[in-house]
Amino acid sequence: MINWKTKTILVKVEETYGEDSAPTGAANAMLALNVRLAPMEGQDTPRETEKAYFGANPSIPTGLYSTLSFDIELVGSGVAGTPPAWGPLLRLCGVAEVIEAGVSVEYSPITDDPESGSVYFMVGQTRHVMLGSRGTGTLKVNAQGIPMLSVVLTGLFTIPTKQPRLSPDLTAFQKPQVASKTNTPTFTIGGLDFVMRSFEMDLGNDVQTRLLVNQEAVRIVDKSESVRTRVEAVELDVYDPFTLAQNQATQAIQLIHGTAAGRKVQIDIPSAQQLRLSGYENEQNVLEWPLGFTPLPQTGDDQWLITLN
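Residues numbered from 1 in each chain as written. Predicted model: local features only at pLDDT ≥ 70, side-chain atom pairs only at ≥ 80, totals over all residues. Heavy atoms only, no water.

Engineer: How would you explain the overall build of the protein chain if you had to name every residue and give the values?
Structural biologist: Each helix and strand counted, the protein chain has two helices and 20 strands in total. The proportion of buried residues among the 309 residues of the protein chain is 43%. A separation threshold of at least 6 residues defines the contact pool for the protein chain, and within that pool the share at least 24 residues apart is 69%. For the protein chain, the exposed area adds up to about 16,000 Å²; of that, 48% sits on carbon and sulfur atoms. Between the averaged position of the 23 positive side-chain charges in the protein chain and that of its 34 negative side-chain charges there is a distance of 9 Å. (Helix = DSSP H or I, 4+ residues; strand = E, 2+ residues; numbered from the N terminus. Buried < 20%, exposed > 50% of the residue type's maximum accessible area, 1.4 Å probe, protein only. Contact = heavy atoms within 4.5 Å. Areas by Shrake-Rupley, 256 points an atom, 1.4 Å probe, with all protein chains shown as cover. Lys, Arg positive; Asp, Glu negative; His and termini not counted. Charge placed at Lys NZ, Arg CZ, Asp CG, Glu CD.)

Engineer: I'd love a proper account of the nonpolar core, names of residues and values included.
Structural biologist: If you look at the biggest cluster of nonpolar residues, it comprises 53 residues, and the most contacted ones within it are L89 and F199. Sorting elements by how many residues they give to this core places strand β17 (residues 265-274) first, with four residues. In this view, L89 contacts V11, M30, F70, I72, L149, V151 and L153; residues no more than four positions away in its chain are not counted. Counting residues in hydrophobic clusters, the runner-up holds five residues, among them L10, A29, V129 and L131. (Core = buried A, V, L, I, M, F, W, Y, C linked by side-chain atoms within 4.5 Å.)

Engineer: Pulling in residues and values, what's your account of the pairing of strand β13 (residues 205-212)?
Structural biologist: In this structure, β13 lies alongside strand β14 (residues 215-223), joined through eight bridges in antiparallel fashion. The residue bridging L211 from the neighbouring strand is E216, located in β14. Hairpin connection of β13 to β14: two residues between the antiparallel strands, including N214 at a positive phi of 70°. (Pairing = 2+ DSSP bridges.)

Engineer: If you had to explain a nonpolar patch on the surface to someone new, which residues and values would you point to?
Structural biologist: There is a patch of nonpolar side chains on the surface, built from L236, F242, Y280 and L287 and spanning about 380 Å² of accessible area. Among the structural elements, F242 can be located in helix α2 (residues 241-246). Look at F242 and you get partly exposed, because its relative accessible area is 34%. (Patch = residues over 30% accessible without salt bridge, like charges linked within 9 Å, V, L, I, M, F, W, Y side chains within 5 Å. Salt bridge = Lys/Arg side-chain N within 4 Å of Asp/Glu carboxyl O.)

Engineer: Describe unusual backbone geometry, listing the residues and the values that go with them.
Structural biologist: With a phi close to 50°, D113 is a non-glycine residue in the positive phi region. On the secondary structure map, D113 appears in the loop between β5 (104-109) and β6 (117-123). For Q144, which is not glycine, the phi torsion reads 65° and is therefore positive. Within the element layout of this structure, Q144 appears in the loop between β7 (126-142) and β8 (148-156). For Q144, a relative accessible area of 61% translates into the label exposed.

Interpretation note: all reported values are geometric properties and have no functional meaning in isolation.
The following block contains the structure:
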């Protein structure tokens, strides 16, 4: 019997695409939740051979790859200017990491040359290795819940092997704070404070496998971010989402979570197009708006910024 709770995830950025960066339990372990592995995705290509009798034909597994999805608690490293242990996950999602020592770490989208990583998933003594991994992610902040980064990583398939079990070091991961009035001091749309129930920013990466002769790779071929938030409705002379959507207007969105230095997470979306509001929500007999936005680039690769400080 193999106990599911014995699973371990290691992630390390690769120096050369598809070459094993050899992550270790001491330096590259992830404190993950809601883990799901699809170890052998692909197709079964049938061999349509003719024979003189009825019966199934054999097939060949082709286009093989692996996917791994999980959640990470969204909290800084505890030291301003030091990247969090989950930073490599964003880097694998087509995101640049800029460090200002002792001050902050910034993450922003990139178009060219996104990084890749080696991902180890172990359960019991069975180790799955995903090379050349890239992915997409979603940031989620819900009132009275722990803010999360949900990622889906796609990597090149390798045959699993039996390996000694690891003892992962997870001490780099800080204790999170729930989203609340105290712990989440800022949420604004167009400079206006809103009472927010939920916020979600989807990185919207189009991740595809490209498995050809002389080249096998996982590519991010496009991205289209989206934002969904649910807020208490206000009078239209304060904020009018209908007119804004009709006029294709954009708004700046800012969310700041965390109160201690080194643990703060700030999300800035400078130009988010207001989408049409297609319905109302009633919660505790209070009208709420489910608002949608599309973060738009202005000069390029600047549609959002995450700052940890």
